Amino acid sequence: RSRLRGQLWHARISRPPSGEETDLKHRSLEIIRDEHSSLAAMLQSMRMLVDRGPGDDPKNFFDVLRAMLFYIDEFPERLHHPKETELLFPRVAAAAPEVGVAIARLDRDHEYTEKAVRDIQHLLMAWEYMGESRRQAFVDGFTRYVNLYLAHMQLEEQEVLPAAEKHLTEADWKLLDAEFEKNCDPLTGKYKPDPAYEALFTRIVMNAPAPIGLGGG
């Protein structure tokens, strides 16, 4: 079953959100694009779940959505974003001032999404525990979050990453590659989950719908 999960992750989360193939010279850029792709797949699966609703299995519905939101809080928000904001973006802004406006927006997005993912977890619990009257508030907040996140990744990949590849030095890349290689996000399909997270990733992959998992939602 573990081998099947790994094959699924690799096959379904191998492309960037734009759907374009890019030959990237630097390991950190490859990792960033892989992590964007895994997050885009996660958001797509979550949107499918939310569109379908709890149906006749509300326990599984809320359990899986909680696990997926927890993953986003643990990996993209706490590992991926800080390294972009603290290491990548300042170097690109200094070397390529023409993308400074885009970088400022991306940094604002990071501040928003860090808080928003926890707000959305609260809205999900309100829907689960308080009933249908709280559903629309969750759907509205979740939809705003997903739309912003997808636009955020597209802006980064279209403007900031090409500028980084063009302007950063080999010393920059040596540092960035070393730092981003520590991320090891299992949902990219390239790493085994840390044992502490094995149950979380098993729950997501076995119960969430494609493109992130094997379940029907």
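From a predicted model like this one, the values you see are computed outputs, not experimental measurements.

**Quick notes on the nonpolar core**
Alright, step 1. Within the largest apolar cluster, 37 residues are counted, with the highest numbers of intra-cluster contacts made by Met-42, Met-68, Tyr-71, Ile-72, Phe-138 and Ile-204.
Alright, step 2. Put simply, the parts of the chain that give this core at least two residues each are helix 2 (27–52), helix 3 (58–74), helix 5 (100–130), helix 6 (135–167) and helix 8 (198–207).
Alright, step 3. Among the elements that take part in this core, helix 3 stands out by supplying nine residues, more than any other.
Alright, step 4. Each residue touching Phe-138, except ones within four places of it in the same chain, is listed here: Val-50, Leu-65, Ile-120, Leu-123, Leu-124 and Trp-127.
Alright, step 5. Judged by nonpolar contacts, the second largest core, of 21 residues, contains Leu-87, Ala-96, Val-99 and Ala-163.

**As for the environment of Asp-109**
Alright, step 1. Relative to the elements of secondary structure, Asp-109 occurs in helix 5.
Alright, step 2. Using a relative accessible area of 8% as the deciding quantity, one classes Asp-109 as buried.
Alright, step 3. Measuring from C-alpha to C-alpha, the distance between Asp-109 and His-81 comes to 9.8 Å, with 28 residues separating the pair along the chain.
Alright, step 4. Not counting chain neighbours up to four residues away, the residues in contact with Asp-109 comprise Leu-148 and His-152.

**Describing helix 3**
Alright, step 1. Relative to the 24 Å expected for 17 residues at 1.5 Å per residue, helix 3 spans 24 Å between its end C-alpha atoms, a close match to the ideal helical length.
Alright, step 2. Across the 17 residues of helix 3, 12 count as buried, placing the element largely inside the fold.
Alright, step 3. Among all positions in helix 3, only Phe-61, Phe-62, Asp-63, Val-64, Leu-65, Ala-67, Met-68, Leu-69, Tyr-71, Ile-72, Asp-73 and Glu-74 are buried.
Alright, step 4. The secondary structure elements touched by the buried residues of helix 3 are helix 2, helix 4 (76–95), helix 5, helix 6 and helix 8.

**Description of the side chain of Ser-45**
Alright, step 1. Counting through the fold element by element, Ser-45 comes out in helix 2.
Alright, step 2. A distance of 2.8 Å separates the side chain of Ser-45 from the backbone oxygen of Pro-209, its partner in a polar contact.
Alright, step 3. Setting aside anything within four residues of it in sequence, one finds Ser-45 in contact with Met-68, Pro-209, Ala-210, Pro-211 and Ile-212.

**Remarks on empty space enclosed by the protein**
Alright, step 1. Scanning the model with the defined rule gives one cavity of 30 Å³ or more in all.
Alright, step 2. One number sums up the size of the largest cavity: a volume of about 110 Å³.
Alright, step 3. Along the walls of the largest cavity sit 16 residues, with Glu-35, His-36, Leu-39, Pro-76 and His-80 positioned nearest its centre.
Alright, step 4. Going through the elements one at a time, helix 2, helix 4 and helix 6 are the ones with two or more residues in the lining of the largest cavity.
Alright, step 5. Here the lining of the largest cavity gets five residues from one element, more than from any other, and that element is helix 4.
Alright, step 6. Across the lining of the largest cavity, the residue classes tally to six nonpolar, six polar and four charged.

**A few points about the packing of helix 3 against helix 8**
Alright, step 1. Interhelical geometry of helix 3 versus helix 8 gives an angle of 125 degrees and a closest axis separation of 9 Å. Classified by the angle between their axes, helix 3 and helix 8 sit oblique to one another. Where helix 3 crosses over helix 8, the handedness of that crossing is left-handed. Only Leu-200, Phe-201, Arg-203, Ile-204 and Asn-207 of helix 8 make contact with helix 3, whose side of the interface consists of Asn-60, Asp-63, Val-64, Ala-67, Met-68, Phe-70 and Tyr-71.
Alright, step 2. The class makeup of the residues in the contact of helix 3 with helix 8 is eight nonpolar, two polar and two charged.

So, how was this worked out
- Residues numbered from 1 in each chain as written.
- Predicted model: local features only at pLDDT ≥ 70, side-chain atom pairs only at ≥ 80, totals over all residues.
- Heavy atoms only, no water.
- Core = buried A, V, L, I, M, F, W, Y, C linked by side-chain atoms within 4.5 Å.
- Buried < 20%, exposed > 50% of the residue type's maximum accessible area, 1.4 Å probe, protein only.
- Helix = DSSP H or I, 4+ residues; strand = E, 2+ residues; numbered from the N terminus.
- Contact = heavy atoms within 4.5 Å.
- Expected span 1.5 Å × (residues − 1).
- Polar contact = N/O pair within 3.5 Å; in protein donor to acceptor, adjacent residues only side chain to side chain.
- 1 Å grid on protein atoms, 1.4 Å probe; cavity = no way out; pocket = protein on both sides within 12 Å on 5 of 7 lines; lining within 4 Å.
- Points joined across faces, edges and corners; volume = space filled by probe spheres on them.
- Nonpolar A, V, L, I, M, F, W, Y, C, P; charged D, E, K, R; others polar.
- Axes fitted to C-alpha atoms, helices over the stretch in contact; angles between N-to-C directions.
- Parallel < 35°, antiparallel > 145°, perpendicular 65-115°, else oblique.
- Left-handed = near helix turned anticlockwise from the far one by under 90°.

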